[in-house]
Amino acid sequence: MCKNQLISVAIDYAIESWPMPTFNLVTTWKIPSPIETCWFSIIDIEAWPSWWKYVDEATELEQGDSNGINSKYQYKWSTCLPYHLNFKLCVTQLIPYQLISFNITGDLEGSGCCKLSQHNQYTHIQFEWNVQTSRPWMTRIAHFAQPIFKWNHRQVMRSGEQSFIRRLNSSA
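Residues numbered from 1 in each chain as written. Predicted model: local features only at pLDDT ≥ 70, side-chain atom pairs only at ≥ 80, totals over all residues. Heavy atoms only, no water.

Colleague: Requested: an account of the overall build of the protein, with residues and values cited.
Modeller: Helices and strands together make up the secondary structure of the protein, namely 4 helices and 7 strands. Secondary structure of the protein in N-to-C order comes out as α-β-α-α-β-β-β-β-β-β-α. Counting the 172 residues in the protein, one finds 38% classified as buried. Counting contacts in the protein only where the partners sit at least 6 residues apart, residues at least 24 apart contribute 53% of the total. Carbon together with sulfur atoms contributes 54% to the accessible area of the protein, which is approximately 9,700 Å² in total. (Helix = DSSP H or I, 4+ residues; strand = E, 2+ residues; numbered from the N terminus. Buried < 20%, exposed > 50% of the residue type's maximum accessible area, 1.4 Å probe, protein only. Contact = heavy atoms within 4.5 Å. Areas by Shrake-Rupley, 256 points an atom, 1.4 Å probe, with all protein chains shown as cover.)

Colleague: Describe in detail the pattern of salt bridges, supporting the description with residues and values.
Modeller: Within the structure shown, the criterion is met by 4 salt bridges. Linking Arg167 and Asp44 is a salt bridge whose minimum nitrogen-to-oxygen distance equals 3.7 Å. Taken together, the residues span a long stretch of sequence, with Arg167 in helix 4 (residues 136-170) and Asp44 in the loop between helix 2 (35-42) and helix 3 (48-51) at a distance of 123 residues. One salt bridge in this structure joins Arg135 and Asp107, with 3.9 Å as the shortest N-O distance. In this pair, Arg135 is assigned in the loop between strand 7 (122-133) and helix 4 and Asp107 in the loop between strand 5 (99-106) and strand 6 (108-119), connecting sequence segments 28 residues apart. Owing to a relative accessible area of 23%, Arg135 belongs among the partly exposed residues under this scheme. (Salt bridge = Lys/Arg side-chain N within 4 Å of Asp/Glu carboxyl O.)

Colleague: Now, about the layout of surface pockets: what can you tell me, with residues and values included?
Modeller: Estimates place the volume of the largest pocket at around 150 Å³. Lining the largest pocket, in full, are Trp39, Ile43, Ile45, Asn67, Gly68, Ser71, Tyr73, Val91, Leu94 and Ile100. Among the residues forming the lining of the largest pocket, the class breakdown is 7 nonpolar, 3 polar and no charged. (1 Å grid on protein atoms, 1.4 Å probe; cavity = no way out; pocket = protein on both sides within 12 Å on 5 of 7 lines; lining within 4 Å. Points joined across faces, edges and corners; volume = space filled by probe spheres on them. Nonpolar A, V, L, I, M, F, W, Y, C, P; charged D, E, K, R; others polar.)

Colleague: Explain the packing of helix 2 against helix 4 residue by residue, including any values.
Modeller: Running from N to C, helix 2 and helix 4 point in directions that differ by 110 degrees, and their axes come no closer than 11 Å. With respect to each other, helix 2 and helix 4 are oriented roughly perpendicular. Regarding helix 2 and helix 4, the two cross each other, and that crossing is right-handed. For the pair helix 2 and helix 4, contact is made by Thr37, Cys38, Ser41 and Ile42 and by Phe164, Arg167 and Leu168, respectively. Here the contact of helix 2 with helix 4 is built from residues that sort into 4 nonpolar, 2 polar and 1 charged. (Axes fitted to C-alpha atoms, helices over the stretch in contact; angles between N-to-C directions. Parallel < 35°, antiparallel > 145°, perpendicular 65-115°, else oblique. Left-handed = near helix turned anticlockwise from the far one by under 90°.)

Colleague: How would you explain empty space enclosed by the protein if you had to name every residue and give the values?
Modeller: Space left empty within the atom packing is revealed by a probe, the size of a water molecule, rolled over the atoms. Scanning all chains against the criterion turns up 2 cavities of 30 Å³ or more. In this structure, the largest cavity spans a volume of roughly 310 Å³. Lining of the largest cavity is provided by 19 residues; of these, Leu25, Leu85, Leu108, Phe149 and His153 occupy positions nearest its centre. Mapped onto the lining of the largest cavity, the elements with two or more residues apiece are strand 1 (23-31), strand 3 (72-78), strand 4 (84-95), strand 7 and helix 4. The element that contributes the greatest number of residues to the lining of the largest cavity is helix 4, accounting for 7 residues. Looking at the lining of the largest cavity residue by residue, the class counts come to 13 nonpolar, 5 polar and 1 charged.

Dropping the structure here:
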């Protein structure tokens, strides 16, 4: 084995032995609409691709119980950067007009939630993601690229907020 190969193997081993970084991402949308209107648009997941340009596909896989628990969805997202994310989401808790909690598997692994609250004429929708990357190339560079991944997430979410407001305004 030559010196360069040895260095490459050592670097690969060091990177693989690092703990995978967890991304704790929190975004709050401030929506000038009643909480009921926001809720019904948020839970209409299969319509997301029609108004959110970064959601390429959102498909219900399983309906879950009568309360929406264990409902399963398949997502394909594009991003501001040249890559896509595919993952499945399983609803673990659902409190109408307040909370949707979920687990995620696929290119991202972890959990998250969507919390809604009314503040005067605005609805605040807070998205929390606690995820790790599972795609090998992303995992290898996650320690170094974490600021870029977070920037990308903020751009995608900002676009979602603006698109959500336009959607609600156009249906009013």
